[in-house]
Amino acid sequence: MAKSLKDQAKAEAERLEKKFGSKVGATGTTKFEFGSIPTGSLALDYALGTGGWPVGHPIEVYGPRDIGKSSIVGLNAIKNAQAQGKLCGVVAIEPGWDEEWAIKNGVDPDGVIIARPDSGEQAFEILHDWANDTIVDFMLLDSIGAILKESEISSQRKQAGEAKANVGGASQLITWGMKGLLMPTWKNQKCVMVLNQIRDDMNGRYPGQVKTPGGRNLEHTCAVIVRLKQQGSPIKEKFPEEEDKIIVGRELVAIIERNKLSEGSDRRAEFTYYQMDTPTHEVGIDSGPDVARTAIRTKVVSKHGGWYHHSTFPDGKLNGMNSVTDFIVENPDCKEEIRKQVLAAMVAKETHKEFVPEEPQIEEEDPK
């Protein structure tokens, strides 16, 4: 009796694994779930459809200068990776690592390896080394827009005619470097994140058009591409020792421009980041409004008039949005329970199933 297609596929997958090694062969029904690292924003975790930055696939995050890529994205990812017991490595092309700032953002600097390469080639060699070993689990390249080839920084680079010979050199280097990361990142369950910048597009049809440096390779190799930009004006506050108001935070929007790992999720996430301590906020993402808005949008927290209902609230309900955000900040158990239910709603959406949150009984409000 002839073997079924299922049996043939299984036998061939086993043969490939035996001949070429682990994870080389698998049937179409095999699921590889490597998990994710929370981004620090529940809204972004939900929008990604993976519950955070996915493990096993390269990620690109880009945006304008001083938007907070290294802090909001990089340091938050490192903090949450460390919470999962992952050793983190940073390839610092830009001299931006600050131990005190990292600590303020919740990072343990003793659990971070900082590599400062001499050239772009060396930067990618370090990343390839980490991707193929069993030690470093999370890798951050900050930033790929500042990368330079050895030939561009050598003394011969200054000779006449050398500039034309290096046109496209950075793009070629990034192509080689990123291609070499693809398979070991997946096979060894690594999380690789590259931060990028933006430049004015000289060939753009309209003024103000921008693009990312480094060619188009990142568009093909990164499974997730997120653009970070500011929404509205910066948040300013007045301090007694200052004459004028100073910037303390920003309203940000993360636009998911590419996502090969999820379908059907929302494509943007909005949240607030405070870049300095204020009387009412600490450095970091303002978690209260972030969690509350996401929970309401996903119907984990139900709204009836001015009342908000959830099983973890006192008597199952709170009056007013400010009360909800304050309660979430002051009660970590409530925040964690809401996060679990939001991610359950995300999974239900991804699998086209109905999500029915557990809600307390809603009593009729006393008209008096």
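Here the structure is shown first, and the text comes after it.
Thresholds, definitions, all that
- Residues numbered from 1 in each chain as written.
- Predicted model: local features only at pLDDT ≥ 70, side-chain atom pairs only at ≥ 80, totals over all residues.
- Heavy atoms only, no water.
- Helix = DSSP H or I, 4+ residues; strand = E, 2+ residues; numbered from the N terminus.
- Buried < 20%, exposed > 50% of the residue type's maximum accessible area, 1.4 Å probe, protein only.
- Contact = heavy atoms within 4.5 Å.
- Pairing = 2+ DSSP bridges.
- Axes fitted to C-alpha atoms, helices over the stretch in contact; angles between N-to-C directions.
- Disulfide = S-S within 2.5 Å.
- Parallel < 35°, antiparallel > 145°, perpendicular 65-115°, else oblique.
- Nonpolar A, V, L, I, M, F, W, Y, C, P; charged D, E, K, R; others polar.
- Core = buried A, V, L, I, M, F, W, Y, C linked by side-chain atoms within 4.5 Å.
- Phe/Tyr/Trp six-rings, centres within 6.5 Å; stacked < 30°, edge-to-face > 60°.

**Student:** Explain the overall build of the chain to me, using residue names and the numbers behind them.
**Tutor:** Within the chain one finds twelve helices and 17 strands. A burial count over the chain gives 44% of its 368 residues as buried. Within the chain, residue pairs in contact and separated by at least 24 positions form 64% of the contacts whose partners lie at least 6 positions apart.

**Student:** Before we move on, can you summarise the sheet that holds strand β16 (residues 307-309) with the specific residues and values?
**Tutor:** Pairing within the open sheet is antiparallel, and its three strands lie in the order β15-β16-β17. Strand pairing shows two members of the sheet lacking a second neighbour, β15 (302-304) and β17 (317-319), which therefore form its edges. Shown here is a sheet whose adjacent strand axes are inclined to one another by a mean of 25 degrees, direction ignored. Of the pairings in the sheet, the one linking β16 to β17 comprises three bridges and is antiparallel in character. Looking at the pairing, Trp307 lines up with Asn319 of β17. Seen against the sheet, helix α11 (residues 321-330) touches β16 and β17 and runs at an angle of roughly 125 degrees to β17.

**Student:** Before we move on, could you go through the environment of Val112 and cite the residues and values that matter?
**Tutor:** Tracing the sequence through the fold places Val112 in strand β5 (residues 112-115). A sequence separation of 24 residues divides Val112 from Cys88, and the C-alpha atoms of the two residues are 5.0 Å apart. Filtering out sequence-adjacent residues up to four positions away, Val112 remains in contact with Ile78, Gln82, Cys88, Val90, Trp97 and Val107.

**Student:** Any chance you could break down the state of the cysteines for me, citing the residues and the numbers?
**Tutor:** Under the counting rule described, the total for this entry stands at zero disulfides. Its sulfur unpaired, Cys191 is 8.9 Å from the next cysteine sulfur, which belongs to Cys88.

**Student:** Could you give me a rundown of the packing of helix α5 (residues 120-132) against helix α8 (residues 169-187), with the residues and numbers involved?
**Tutor:** Think of two packed helices as two axes; the pair is described by the angle between the axes and how far apart they sit. Axis separation between α5 and α8 bottoms out at 9 Å; the angle between their running directions is 5 degrees. Between α5 and α8, the crossing angle belongs to the class labelled roughly parallel. Only Leu173, Ile174, Trp176, Gly177, Met178, Gly180, Leu181 and Pro184 of α8 make contact with α5, whose side of the interface consists of Gly120, Glu121, Phe124, Glu125, Leu127, His128, Ala131 and Asn132. In terms of residue class, the contact of α5 with α8 is built from nine nonpolar, five polar and two charged.

**Student:** Now, about the nonpolar core: what can you tell me, with residues and values included?
**Tutor:** Among the nonpolar cores identified, the biggest contains 40 residues, and Trp53, Ile78, Phe138, Met193 and Val226 are the most heavily contacted of them. With six residues, helix α3 (residues 69-83) is the largest single contributor of residues to this core. Sequence-distant contacts of Ile78, that is, excluding residues within four places in its chain, are made with Cys88, Val90, Trp97, Val107, Val112, Phe138 and Leu140. Core analysis: the second largest hydrophobic core is formed by 22 residues, Val91, Phe124, Val192 and Ile225 among them.

**Student:** How would you explain the packing of aromatic side chains if you had to name every residue and give the values?
**Tutor:** Applying the stated criterion across every chain, the model contains two aromatic pairs. Taking 6.2 Å as the distance between ring centres and 80 degrees as the angle between the ring planes, the aromatic pair formed by Phe124 and Trp176 counts as edge-to-face. Placement of the pair is Phe124 in helix α5 and Trp176 in helix α8, with a sequence separation of 52 residues. Look at Phe313 and Phe327: their rings are 5.8 Å apart centre to centre, the planes differ by 85 degrees, and that puts the pair in the edge-to-face class. Residue Phe313 is located in the loop between β16 and β17, and its partner Phe327 is located in helix α11; the two are separated by 14 residues in the primary sequence.

**Student:** Tell me about the pairing of strand β7 (residues 191-196), and please be specific about residues and values.
**Tutor:** Here β7 lies mainly inside the structure; six of its six residues are buried. With burial as the criterion, each face of β7 is covered, one bearing Cys191, Met193 and Leu195 and the other bearing Val192, Val194 and Asn196. Pairing analysis gives four bridges linking strand β3 (residues 59-62) to β7, with the strands arranged parallel. What sits directly across from Ile59, in β7, is Met193. Sheet topology note: the strand β6 (residues 138-142)/β7 ladder contains four bridges and is parallel. Following the sheet pairing, Met139 is matched in β7 by Val192.

These figures capture arrangement, not role.
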